[in-house]
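Observations on chain architecture
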Amino acid sequence: QVQLVESGGGLVQAGGSLRLSCAASAYIFSFNAMCWYRQAPGKQRQLVATITSIGMTTYADSVKGRFTISRDNAKNTVFLQMNSLKPEDTAVYYCRGIRRDGGVYWGQGTQVTVSS
């Protein structure tokens, strides 16, 4: 069973930065794509950023220019660098991996709180 474990969340003031990590128990090059989602209280889970196995990245409009998704294959880890954070970025952030065999895996989530 593949496990994804997020870390790096916390409390930060508006304008600050955080870097989230998603450590996988399997080689991340076995995933077609790794994604970050977020879910704020009372709202639907939202796709924030995606990185494919060949390094292509996409972002939600709300985070473009502020967030950067990247990966370290040697560490089987995907990162989400979040800069210029806003109170509306407050949410639980989840990592999701889609493997080439069709398996889909989620992490347990990490809380990000941005104070104004």
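The structure this text deals with has already been given above.
Everything in this summary refers to the structure shown in the same document. These figures come from a predicted structure and were not determined experimentally. (Residues numbered from 1 in each chain as written. Predicted model: local features only at pLDDT ≥ 70, side-chain atom pairs only at ≥ 80, totals over all residues. Heavy atoms only, no water.)

Observations concerning the overall build of the protein chain
Counted only if it meets this: Put simply, DSSP H or I for four residues or longer makes a helix, DSSP E for two residues or longer makes a strand, and each gets a number counted from the N terminus. Just to be clear, the radius of gyration here is over C-alpha atoms, and the globule rule we use is 2.2 Å times residues to the power 0.38. Exposure classes here rest on a 1.4 Å probe applied to the protein chains alone. A residue is buried below 20% of its type maximum, exposed above 50%, and partly exposed in between. Exposure was quantified through the Shrake-Rupley algorithm and a 1.4 Å probe, taking into account, for residues, occlusion by the shown protein chains and nothing else. Residues scored as charged are limited to Lys and Arg (positive) and Asp and Glu (negative), so that His and the chain ends carry no count. Here the site of a charge means NZ on Lys, CZ on Arg, CG on Asp, or CD on Glu.
Looking only at helices and strands, one finds 0 helices and 11 strands in the protein chain. Listed N to C, the secondary structure of the protein chain is β-β-β-β-β-β-β-β-β-β-β in terms of helices and strands. At 13 Å, the protein chain has a C-alpha radius of gyration in line with the 13 Å of a compact globule built from 116 residues. Taking the principal axes of the C-alpha coordinates as reference, the protein chain spans close to 40 × 25 × 25 Å. Buried positions account for 46% of the 116 residues belonging to the protein chain. Summed over all atoms, the accessible surface of the protein chain reaches about 6000 Å², with 49% contributed by carbon and sulfur. For the protein chain, the separation between the mean place of its 12 positive charges and that of its 6 negative charges on side chains is 2 Å.

Here's the deal with the nonpolar core
Note the following rule: Among the buried residues, those of types Ala, Val, Leu, Ile, Met, Phe, Trp, Tyr and Cys that are joined through side-chain atoms within 4.5 Å form a nonpolar core.
With 30 residues, the main nonpolar core has Trp36, Leu80, Met82 and Tyr93 as its most contacted residues. At the level of secondary structure, the elements contributing two or more residues to this core comprise strand S3 (18-24), strand S4 (31-39), strand S5 (46-52), strand S7 (67-72), strand S8 (77-82), strand S9 (91-99) and strand S11 (110-115). At 4 residues, S3 tops the list of elements feeding residues into this core.

What about the environment of Gln1?
Which entries qualify depends on this criterion: The criterion used for residue contact is that any of the two residues' heavy atoms lie within 4.5 Å.
Structurally, Gln1 can be placed in the segment before strand S1 (4-7). Placed 102 residues apart in sequence, Gln1 and Gly103 show a C-alpha to C-alpha distance of 10.0 Å. Contact partners of Gln1, with chain neighbours within four places excluded, come to Ser25 and Tyr105.

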